[in-house]
Structure formats: C-alpha cells, structure tokens
Amino acid sequence: MREYFIEHIRTALKTAGITTEKDIQLEKPADNKFGDFSTNIALVLSKECRKNPRQLSQEIAEKLSFEPGTVRKTEIAGPGFINFYLEPAFIMQLLEQAITEGDGFGQSLVGQDKTAIVEYVSANPTGPLTIGRGRGGVLGDCIANILEAQGYTVTREYYFNDAGRQMTILAESVRFRYLELCGEVIDFPETHYQGGYIKVIAEKLFEKQGNALLKSDDLAPFKQTAETYIFTHIKSTLHRLDITHDSYFNEHKLYLPDESEQSPNRQVIDLLREKGYIDEYDGATWFTTSKLGQEKDKVLVKSSGEPSYRLPDIAYHITKFKRGFSEIVNIFGADHIDEYPDIIEALKILGYDTDRIRVAINQFVTTTVNGETVKMSTRKGNADLLDDLIDDVGPDATRLFFIMRSKDSHLNFDVELAKKQSKDNPVFYLQYAHARICSLLRMADQEAGFILPTEGMHLMRKMTSDHEIRLGFMLLEFPEVIDVCGRFLEPQKMVEYLHGVAELYHRFYQECPILKAEPDIRTARIFLSVATRQVLRNGFRILGISAPESM
RNA sequence: GUGCCCGUAGCUCAAUUGGAUAGAGCAUCAGCCUUCUAAGCUGAGGGUUACUGGUUCGAGUCCAGUCGGGCAUGCCA
C-alpha cells in the first residue's frame, strides 16, 4: 500500500518537472486528523527547488491523481505536508487479505531464499541462568521469529565453552562441597562458586559414588557431573520460555584440526600474520589493533600457549561465513561491547563481508529488592534466577517484560513488583482482547443465524464508523511493523503495535454492537473481529506469548 | 582518563529513526455492567524531554560542551 502512494507521488513529481535523488518518505501521522498517510516531500525538496514549501506542495498536489474509490481527499497542511485520506471502503477491501492469508498475513519477501543465523544466550555451563541472561535470550528468540516472518530460513545457535579456567573452578567448587559431604572440614574459597546449586550437584555425586572420589585428584568426574547437570538445567529453563536452539556450537571444536589439518584458531593466526597484523612480544601473540587506531594490541595467544577468548571468537565467526549464512545476527550483553569491534576488524582484514553481520547489544538488567539495587554475580550466587521469575509471573509475562523495552535502555527489574503485577500485568491486556474475540466468535458460531456466510467478506466495506475504520487501518499496518522490527532488530515495536490494536479493538467492542447488529453489519463486524484475531495471533507468535481462547 | 549506551510524568518505560498538540502502563481522582467477557471503556490531573549552546522550515531524536548513571577498558569468558 505504501508503494502505491510512493509511485503516485513519484509520477506527480515527474509531471511537475521535478527531478530528485531524494527518497520519498511516507508517514502515518500520529493524529489521524492529519490523514491516513502523509508525505513531507515538499519540505524536503523546497531547498533544492528554491521554492517555499507551501507553494511547492501545492504544485505537487495538483499533479496527483488516484484511481477512483481509493483516496477520498488530498490536502496540504502545516508547513507543507501533503496529507492523504483514504476511502473507508478501500481500507476494508484491503483488509480482506488479513483473513484470506491467515497465519501467513504479515509474512514478507525480504528474506526470501536467504538464510540467517541468530546466536543468542551462549552462556557457558557454570551456573543457572540469571534474569540478566533472560533478556538476551528472549530478545534473540523474538528476533529469530521476526526474521522467519520476513522469509529467512533461520538457524538459532548457542555457542558455549565447556573447557578453560571457569570450568576448572566450577569443578573444584563441586569437589570442595563433595569433600564436605564426606566429612572433611573445608575452608571454601571466596574465588569459587558460592551458589546453592553447587551443593546440589555435590549431593548427587555423593549419592551415586559415596566417598569413592575422596582420595582422587581427578577433577573430571566433578566437571562432567556439573556440566551435565547445569546444561540440562539451562535448557529446561529456556524451554519454559519456549526458547529452543537448532544447534549448539562447542568452542572446543575450534582448537582441533579440521579438514585442512590445522585448527581454525591456528588458521586465523596464520592468515592474520600474512596480512601483517600479528606481532609477538612478552611471550604472547598479539593482534595489532594499534595499527587500526586502537589504543592497545589485543592478545590472541597467551604466553601460556592458550588462546584468549578473542581468537576462537574470530574463528567461530569465520565458520558462520563458511557455513554460507547470508545474514549473521549476534545478540550480546553490554559486557561484550568492546569485543565485537575487534572481531569485525579481523574479519574485514581477512576479506569477509562484514556488512552481513548485525549485532544487537542489550543493556544490563538491574534488579531492585526492597528498593535497593542489587549487583548480580553468578559466582557470588546472589543473582536472581530466571527460573524464580518464571515461577512468579509466568512465561508470557516474563517474555513480555524483557522485550517491551528497547534493548538500548537499562532495564530495571523490581522483582517484588513483578510478582504483584501478576494480576495487572501488561500481557493480560493483549491476551484479553484475543480471548474476547474468541468468545464472541464461539457465540456467533453457536447461535443459529449467526453462522458466518463464507462469501460475506466484502460486507466489511459497509462499515463507516471511525472505530471500525481506524481498527481496520491499523490491522493493515501489521506487515510494515514486522519489517521495521526486522530492520532495526527491535521487537518492542511489535509490543507497542499490538497494544494499539488491542486498544482499538476494546474500544470498537465497547462502542459497536456486533452480534446484535443488523445482519449485514453483523457479518461485517464479525469479519473485522476475525481479522483482528488473526493479527493478534500472528503478533503473539512472533513475541512467543500464548493466545488464550478464554480467560 | 578513554570508548560505547542511557538520562522523558510520582514510578517503570514508549515515541513511526528529523515531523504536526511528547504517549502508554502502574499509582491518584471522577464516571460506565438487567445488554456480545468490567483482566474492559470514557474523562481529569500530572512535562522547561538533566543543563547550555549550535545545525534548519521543524530537534526528545543530529553536533559541541557540562552534569549524573550503567558497561567496558584483564595474557578472565
């Protein structure tokens, strides 16, 4: 529909003898008294045309012509906006596609024949998921859903590392707790994981093995048990939020030789060296980012001979390119803000098309307990667990909480408030609209004479009230909203949009009798309800929240 | 110190990426159920968009500076 207008405006410009490189912007005014659509083209062009914007808009508007039955009125307003008012019957006619396309309504062709990999969560198995991790998880999942709606074939990936120092500390932590169970007196070090789950794991091991591991120095059984337990736990937490990954990529793979008989890590070093970006000093191997204008070089291989995290991260991203994804999307927490530019630089040097990479960085979640902000730490074991939150407010509200805010702003999570809000929760407003429609349609179906004539969709064109038209018009925006969400990786736009849809439906429901209206109008309003339900459903699916049929 | 993000109603956050009178939820106040789900609707109050300049037809949005908060600035990941 937008293209329809843009085409006509372009034609009008040509007729008026104006040529320009500038894009034609079409907006939906905040207030519908300024029309259904609006363009600022005259304001944008007034400078290069050396004309005052009012006059220019007049000239353009005179050249505009639309097919009969589509545009009711064109007018010039304010400093030189050209506003368009649609014919209500035209809006309602367009709305028929929301019903005929059903679950596919809103699907776009942007990502047709393209593949995308979305990497998110990627927590190492050192402890249960915290609320902070939940934000990235839900954000990533919604973004993956949006890309799917745009037509991409999406792979959801989890990148993890079950080797290295943190895992050793984890294994030692379990071992200490195990030794306590065996009756030893242990001074549990502060540097180790304090969380209660460590004891649970130790108990499991003790139940199974007794004190058979008491004299052994081998950490392997502790590590193995801990990793299995924690990973299972993480996956089940994610599963409660309906988050599942298609693939798990173990960082360890990057340390082992691949078909070229060299490890991917080694290959990165060699290739960067060829390009002149590797230096060796202080016993370590460095990526010379100082040559790229950065303050310091970055360590790729430590003097101990072990790679630092940056090296496998670069190698990992190369695998994403080699696996042929057309779009590479990463969801990071704010703590990775300094890291990813290095990766991008390295990939650029190695000749990869980094424009295919998009990074969404979400700011941290702070929790307030009793009015005090609590800093969370997995190691100290004082972090609020995602599982507890889901217990308190349920999966739908948990998901909505995380994505109704822009990823760029800090999210302050008042855990007690979240519990209280279980009744006044923002998610209920959306779901209630859906349940209401379902109930209405059940009644329409049950009562004789209220059965939907299959051919009655065109009757929607008979609706004339403002409540009906505004709702219908908003429903038509759904495909556009998906694309905007995808373009900026900002699912909160969808929440805002669906809230608007629910609001307009509730108002329509309040003001317009549906089942009690005369037959043609009744049919029309039932179809409008069907279209609304479809948009809500499709939107809920993207957000990953349920669409209850009754509440 | 430097880099990135943020500062909007009493609180938590939006604002079509530069558009017209800055909007929602919660909280407060006043109305609406013998009528399709009141988890709803209608209305009221609440704002110098941290501050100071600049850019232009037009700034919460862009630029510079100041103040305040978060994250990073490890041979931790």
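Since this is a predicted model, take the numbers as computed values, not measurements.

Rules and cut-offs
- Here, residues in each chain are numbered from 1, in the same order as that chain's written sequence.
- Naming scheme: in the order in which they are written, chains are lettered from A and ligands are numbered from 1.
- Restriction of local features to residues with pLDDT of at least 70 applies here, the model being predicted, together with a cutoff of 80 or more for giving and counting side-chain atom pairs; totals for whole chains, interfaces and linings are based on all residues.
- Side-chain measures were taken over the full set of non-hydrogen atoms in the model, leaving aside hydrogen atoms and water.
- Only DSSP runs of H or I with at least four residues qualify as helices, and only runs of E with at least two residues qualify as strands; both kinds are numbered from the N terminus onward.
- Each residue's exposure class comes from its accessible area (1.4 Å probe, protein chains only) as a fraction of the maximum for that residue type: buried when under 20%, exposed when over 50%, partly exposed otherwise.
- Residue contacts are counted whenever heavy atoms from the two residues lie within 4.5 Å of one another.
- Positive residues here are Lys and Arg, negative ones are Asp and Glu, while His and the chain termini are left out of the count.
- Lysine's charge is taken at NZ, arginine's at CZ, aspartate's at CG and glutamate's at CD.
- Here the arc refers to the set of directions running from the helix axis out to each C-beta atom.
- On a range of 0 to 100, pLDDT expresses the predictor's confidence in each residue.
- Given the number of residues in a helix, its expected span is that number minus one, multiplied by 1.5 Å.
- Should DSSP find at least two bridges between two strands, the strands are regarded as paired.
- If a single non-hydrogen atom of a residue is within 4 Å of a molecule or strand, that residue counts as near it.
- Whenever a nitrogen or oxygen atom comes within 3.5 Å of another N or O atom, the pair is scored as a polar contact, on the condition that within protein one atom can donate a hydrogen and the other can accept it, and that pairs from neighbouring residues in sequence are kept only if both atoms are in side chains.
- Candidates for patches are residues over 30% relative accessible area with no salt bridge; among them, like charges are joined within 9 Å and nonpolar side chains (Val, Leu, Ile, Met, Phe, Trp, Tyr) within 5 Å.
- Values of accessible area rely on a 1.4 Å probe in the Shrake-Rupley scheme; residue burial ignores everything except the protein chains shown.
- One speaks of a salt bridge when a side-chain nitrogen belonging to Lys or Arg is within 4 Å of a carboxyl oxygen belonging to Asp or Glu.
- Side-chain atoms within 4.5 Å link the members of a nonpolar core, which is a set of buried Ala, Val, Leu, Ile, Met, Phe, Trp, Tyr and Cys residues.

When helices and strands are tallied, chain A shows 18 helices and 15 strands. Burial status across chain A gives 52% buried among its 551 residues. For chain A, long-range pairs separated by at least 24 residues make up 71% of all intrachain contacts whose partners lie at least 6 apart in sequence. Counting 65 positive and 81 negative side-chain charges, chain A places the averaged centre of each group 3 Å from the other.

This brings us to helix α2 (residues 41-49). For α2, every residue scored as buried is listed here: Ile 41, Ala 42, Leu 45 and Ser 46. Looking straight down α2, one finds its buried side chains confined to an arc of 130 degrees; they lie on one side. Looking at the packing, one finds that the buried side of α2 touches α1 (2-15), β2 (37-39), α3 (53-63) and β4 (81-86). Among the residues trailing α2, Arg 50 stands out with phi positive, at a value near 55 degrees.

Reading fine detail from the predicted coordinates is not recommended where pLDDT is low. In the predicted model, chain A carries a mean pLDDT of 89, and 96% of its residues have values of at least 70. The weakest mean pLDDT in chain A belongs to strand β14 (residues 372-374) at 63; the strongest belongs to strand β5 (residues 115-119) at 97.

Each α-helix winds once per 3.6 residues, and so residues spaced three or four apart point in a common direction. If you check helix α10 (residues 310-322), its first and last C-alpha atoms are 19 Å apart, about what 13 residues at 1.5 Å a residue would give, namely 18 Å. Of all 13 residues making up α10, 12 are buried, and the element is well covered by its neighbours. Taken together, the buried positions of α10 are occupied by Arg 310, Leu 311, Pro 312, Asp 313, Ile 314, Ala 315, Tyr 316, His 317, Ile 318, Thr 319, Lys 320 and Phe 321.

With antiparallel pairing, four strands are arranged side by side in an open sheet as β1-β2-β4-β3. Every other strand in the sheet has two partners, leaving β1 (26-27) and β3 (71-77) as the edge strands with one partner each. Examined bridge by bridge, β1 and β2 share two bridges and lie antiparallel to one another. Pairing of Leu 26 across the sheet is with Thr 39, part of β2.

With the exception of glycine, most residues fall at negative phi, and the peptide bonds are largely trans. Of note, the phi angle at Asp 242 is positive, near 65 degrees, even though the residue is not glycine. Here Asp 242 shows up in the loop between α8 (220-240) and β7 (247-250). Within the chain, Asp 282 stands out as a residue other than glycine whose phi angle is a positive 55 degrees. Note that Asp 282 resides in the loop between β8 (278-281) and β9 (284-287).

In this section: the protein's contact with RNA strand B. Among the 68 residues in the neighbourhood of RNA strand B, the closest are listed as Lys 33, Lys 296, Tyr 432, Arg 436 and Lys 516. At the protein interface, 58% of the atoms of RNA strand B within 4 Å belong to sugar or phosphate. Contacts to RNA strand B include Gln 363, whose side-chain N or O atom sits 3.3 Å from a sugar or linking oxygen. In this structure, a base oxygen belonging to RNA strand B sits 2.3 Å away from a side-chain N or O atom of Glu 490. Only α2, β4, β9, β15 (411-414), α14 (426-446) and α17 (492-511) provide two or more residues apiece to the surface near RNA strand B. In terms of residues, the surface near RNA strand B owes the most to one element, α17, which gives nine residues.

Attention shifts here to the pairing of β8. In terms of strand pairing, β8 meets β9 through four bridges, oriented antiparallel. Looking across to β9, one finds that Ile 278 is bridged to Phe 287.

Side chains of Phe 428, Tyr 432 and Met 551 sit close together on the surface and give an oily, nonpolar patch of about 300 Å² of accessible area. The residue Met 551 is located in the segment after α18 (519-543) in this model.

Counting 133 residues, the largest nonpolar core has Ile 60, Phe 84, Leu 95, Phe 402, Phe 413, Met 494 and Tyr 497 as its most contacted members. At 11 residues, the largest contribution of residues to this core is made by α18.

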